[in-house]
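Residue strings, one per chain:
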Amino acid sequence: MVTVVTIRCAMDIRFPEFEIFAPKVEVAWSALQQRYANRLTEAEVDYLFACLIFGLTSPAFGEGEPSFHFDICRALVAMKLPPDRAGAALYTVPAPTEPWVESLREQLESQSAKMGQTLQEMRNSNDDQVADADPSVLSRPVNNEEKAA
């Protein structure tokens with residue numbers, strides 16, 4: 001069964017992979033807030049968050065239509081940021097207040113891309129298991145009397 005989620009933002013976006021990314025978005029936002037909110041500007045943290053989301057979604061959507069990938073990034077960023085901040089995070093690169101911000105961005109994007117690849121592989125593996133399953137197993141419960149026979 002595929003769950004399709006509609007995210008309301010500047011436009012409606014529907015994509016079944018939402019349930020894969022949503023928990024990671026929550027964790028990523030919390031981690032960025034804990035580690036960097038007191039050390040970087042709000043704009044920098046928002047930008048790092050958007051870059052992390054881009055990396056996370058790239059294995060699943062990076063080879064597809066760029067505007068669709070961007071729409072997914074926008075929807076996921078909008079889970080945590082109000083529209084004005086989400087737009088700024090996606091469209092502008094703030095001036096770094098610390099010299100290590102750019103290397104941090106690269107590291108976050110790279111690590112999140114690896115996580116996204118793992119999520120994609122897990123999803124593909126689950127899809128393969130469902131496709132390989134015997135349809136009769138999925139359609140009825142197991143009866144212990146049938147096992148004994």
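First, a word on what this report is: a plain description of the structure on this page. Because the structure is a prediction, the values reported are computed rather than measured.

This paragraph deals with helix H2 (residues 42–61). Given 3.6 residues per turn, any residue in an α-helix points the same way as the ones three and four places further on. Taking 1.5 Å of rise per residue, the 20 residues of H2 would be expected to cover 28 Å, and the 27 Å separating its terminal C-alpha atoms lies within 8% of that figure. Buried residues dominate H2, accounting for 14 of its 20 residues.

Time to look at the nonpolar core. A general feature of soluble globular proteins is that nonpolar side chains tend to end up buried together. In this structure, Phe21, Leu32, Phe49, Ile53, Val77 and Leu81 are the most contacted members of the largest nonpolar core, which totals 28 residues. Counting residues per element, the ones that place at least two in this core are helix H1 (18–36), H2, helix H3 (66–77), helix H4 (83–91) and helix H5 (101–132). The biggest single contributor to this core is H2, with eight residues. Excluding residues that lie within four positions of it along the chain, Leu32 makes contacts with Ala37, Val45, Leu48, Phe49, Leu52 and Leu108.

A few words on the packing of H2 against H4. In contact at an axis separation of 8 Å, H2 and H4 are set at 70 degrees when each is read in the N-to-C sense. Between H2 and H4, the interaxial angle falls into the category roughly perpendicular. For the element pair H2 and H4, the recorded crossing hand is right-handed. Listed contacts from H4 to Glu42, Asp46, Tyr47 and Ala50 of H2 are Arg85, Ala89 and Leu90. By residue class, the composition of the contact of H2 with H4 is four nonpolar, no polar and three charged.

Our focus in this paragraph is the pattern of salt bridges. A full pass over the atoms with the stated rule returns seven salt bridges. Salt-bridge contacts for Glu106 lead to Arg105; the nearest nitrogen and oxygen are separated by 3.9 Å. When its relative accessible area of 45% is taken as the criterion, Glu106 is described as partly exposed. Given the relative accessible area of 14%, Arg105 is considered buried. Across the pair Arg105 and Glu109 runs a salt bridge, and its minimum N-O distance is 2.9 Å. Taken together, the residues Arg105 and Glu109, both in helix H5 and four residues apart, mark about one turn of the helix. Taken together, the shared-partner salt bridges connect Glu102, Arg105, Glu106 and Glu109 into one network.

Procedures and definitions
Residues numbered from 1 in each chain as written. Predicted model: local features only at pLDDT ≥ 70, side-chain atom pairs only at ≥ 80, totals over all residues. Heavy atoms only, no water. Helix = DSSP H or I, 4+ residues; strand = E, 2+ residues; numbered from the N terminus. Expected span 1.5 Å × (residues − 1). Buried < 20%, exposed > 50% of the residue type's maximum accessible area, 1.4 Å probe, protein only. Core = buried A, V, L, I, M, F, W, Y, C linked by side-chain atoms within 4.5 Å. Contact = heavy atoms within 4.5 Å. Axes fitted to C-alpha atoms, helices over the stretch in contact; angles between N-to-C directions. Parallel < 35°, antiparallel > 145°, perpendicular 65-115°, else oblique. Left-handed = near helix turned anticlockwise from the far one by under 90°. Nonpolar A, V, L, I, M, F, W, Y, C, P; charged D, E, K, R; others polar. Salt bridge = Lys/Arg side-chain N within 4 Å of Asp/Glu carboxyl O.

Function-wise, these values are silent; they only describe arrangement.
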